[in-house]
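# Notes for the structure review
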Amino acid sequence: PGGVKKGINYNADGSVTLVLYDKDTKGERHDWCYLIGDFNGFKRTKEYAMKRDEQLGVWWYTIPSVQKGKEYLFQYYLGKGDSSVKIHDPYTTIVYDSSNDKYISSSTYPGLRSYPEGTSGLVGAFCHSGEGYQWKNTDFKIKDPDDLIIYELHLRDFSSTSDLNGAFEKLDYLSDLGVGAIELMPIQEFDGNDSWGYNPCSYFALDKAYGSSDRYKEFIDECHSRGIAVLVDVVYNQATGAHPYAKMYWDASANRTASNNPFFNVEAPHPYNVFHDWNHENEVVRAHVKESLEYLLTEYKVDG
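Bear in mind that the values here come from a model prediction, so they are computed numbers and not experimental data. (Residues numbered from 1 in each chain as written. Predicted model: local features only at pLDDT ≥ 70, side-chain atom pairs only at ≥ 80, totals over all residues. Heavy atoms only, no water.)

### Re the layout of surface pockets
In plain terms, the rule: Using a grid of 1 Å spacing that covers the protein atoms alone, one calls a set of points a cavity when a 1.4 Å probe fits there but cannot get out, and a pocket when the set is open and has protein on both sides within 12 Å along at least five of seven lines; lining residues are those with an atom within 4 Å of a point. Grid points are joined across faces, edges and corners, and a volume is the space filled by probe spheres set on the points. Helical segments are the DSSP runs of H or I of at least four residues, strand segments are the runs of E of at least two, and each set is numbered from the N terminus. By the convention adopted, Pro, Cys, Tyr, Trp, Phe, Met, Ile, Leu, Val and Ala count as nonpolar, Lys, Arg, Asp and Glu as charged, and the other residues, Gly among them, as polar.
Estimates place the volume of the largest pocket at around 1200 Å³. Along its surface, the largest pocket is lined by 36 residues, and Tyr10, Thr93, Ser213, Tyr295 and Glu299 are the ones closest to its centre. Elements that contribute at least two residues to the lining of the largest pocket include exactly β1 (7-10), β8 (124-127), α4 (213-225) and α6 (283-299). Broken down by element, the lining of the largest pocket gets its largest block of residues, 5 residues, from α6. Taken together, the residues of the lining of the largest pocket break down into 16 nonpolar, 9 polar and 11 charged. If you add up the space inside the second largest pocket, you get close to 270 Å³. What lines the second largest pocket is a set of 13 residues, and nearest its centre among them are His30, Ser83, Met248, Tyr249 and Trp250. Mapped by element, the contributors of at least two residues to the lining of the second largest pocket are β7 (83-87) and α5 (244-248). Tallied by class, residues from the lining of the second largest pocket come to 6 nonpolar, 4 polar and 3 charged.

Set out below in structure tokens:
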């Protein structure tokens, strides 16, 4: 369909179009791709075989009508030859994790859904909803970008609760210090719950170990109410093997991204790398970075 982008597209007619880029360094792709989710028991069924646009190098599928306000869990199930892999959408705004979600307390993330039955790996979601978070501050601006006292804050270590709730309780303390900006150490979805955040596996979802999407927005909104800017530390040098673009083309024998992976360098071009090194010469990677930055700036109103 015209006008759709990679990832999750919410259409005016109430439908949702899902688009996944799949073309390796040789221009080849997987033999098949199915949409699986809680709408089909996470099973490969012919009704949810994704369509292919060879010119654009994408799989796509439009779900004609979804219930407004309802969250649907889903994955992409790809296969080539004798191998197959299940991945979450690189653009999902929430990631469900069977290994780690059960350790997140209800006080940190009220109403967190249980991991779905019938599948494995990280799971994404879409929700065609009307109203989102209602911001109190819509026009906050840093008074003087050249004169900022920046407090670098790691949500895990900053308070006894290790989450946004604990950070909320200490905003008076930060205000009294005269802080002009809070720089949050990486909050984009990372492996596990206990981390500095430099091991990202998804860039459009903020990690649930610190709170819900709305709780992040409430925290940023309250900072703005106090005249405090919010900056975020972002990690676009590397990602873990749990990132869907890493899993799509993976060398299991060497436990690293495969030589035909267009998104990652098999060997990092510098000596200080950890995890898997993004190939920033790939225009899809560059676009993905820019899109995720734009998302943080618009959806969460971060200041830098």
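### Some remarks on the environment of Val232
Quick note on the threshold: Three labels apply to residues, based on accessible area from a 1.4 Å probe with only protein chains included: buried if under 20% of the type maximum, exposed if over 50%, partly exposed otherwise in between.
With respect to the secondary-structure elements, Val232 resides in strand β11 (residues 229-232). Val232 gets classed as buried once you look at its relative accessible area, which sits at 12%. Linking Val232 and Ile182, residues 50 residues apart in sequence, is a C-alpha distance of 8.2 Å.

### Let's talk about the side chain of Asp24
Basically, it comes down to this: Positive charges come from Lys and Arg alone, negative charges from Asp and Glu alone, with His and the N- and C-terminal ends not counted. Salt-bridge detection follows one rule: a side-chain nitrogen of Lys or Arg within 4 Å of a carboxyl oxygen of Asp or Glu. Here, residues are in contact when the closest pair of their heavy atoms is within 4.5 Å.
The residue Asp24 is located in the loop between β2 (16-21) and β3 (32-37) in this model. Of the side chains with opposite charge, Lys80 lies nearest to the buried Asp24, which makes no salt bridge, at 6.1 Å. Beyond its immediate chain neighbours, meaning those up to four positions away, Asp24 contacts Tyr249, Asn260 and Pro262.

### Structural notes on the sheet that holds strand β9 (residues 150-153)
To summarise the sheet geometry, strands pair through backbone hydrogen bonds and adopt either a parallel or an antiparallel arrangement. Defined as follows: Note on pairing: two strands pair once DSSP finds at least 2 bridges between them. Axis definition: a line fit to C-alpha positions, over the contact stretch in the case of helices; interaxial angles, taken between N-to-C directions, run 0 to 180 degrees.
Reading across the sheet, the 3 strands line up as β9-β10-β11 and stay open at both edges, with parallel pairing between neighbours. Edge positions in the sheet fall to β9 and β11, since each of these pairs with one other strand and no more. The mean inter-strand angle of the sheet, taken between neighbouring strand axes irrespective of direction, is 25 degrees. Strand direction decides the pairing type here: strand β10 (residues 181-184) and β11, joined by 4 bridges, are parallel. Following the sheet pairing, Ala181 is matched in β11 by Ala229. Lying on the sheet, α4 is in contact with β10 and β11; it crosses β11 at an angle near 135 degrees.

### Brief notes about empty space enclosed by the protein
As enumerated under the stated definition, the model contains 1 cavity of 30 Å³ or more in all. Residue lining of the largest cavity: Ile187, Leu206, Tyr216, Ile220, Val232, Leu296, Tyr300 and Val302, and that is the complete set. Of the residues assigned to the lining of the largest cavity, the class counts are 8 nonpolar, no polar and no charged.

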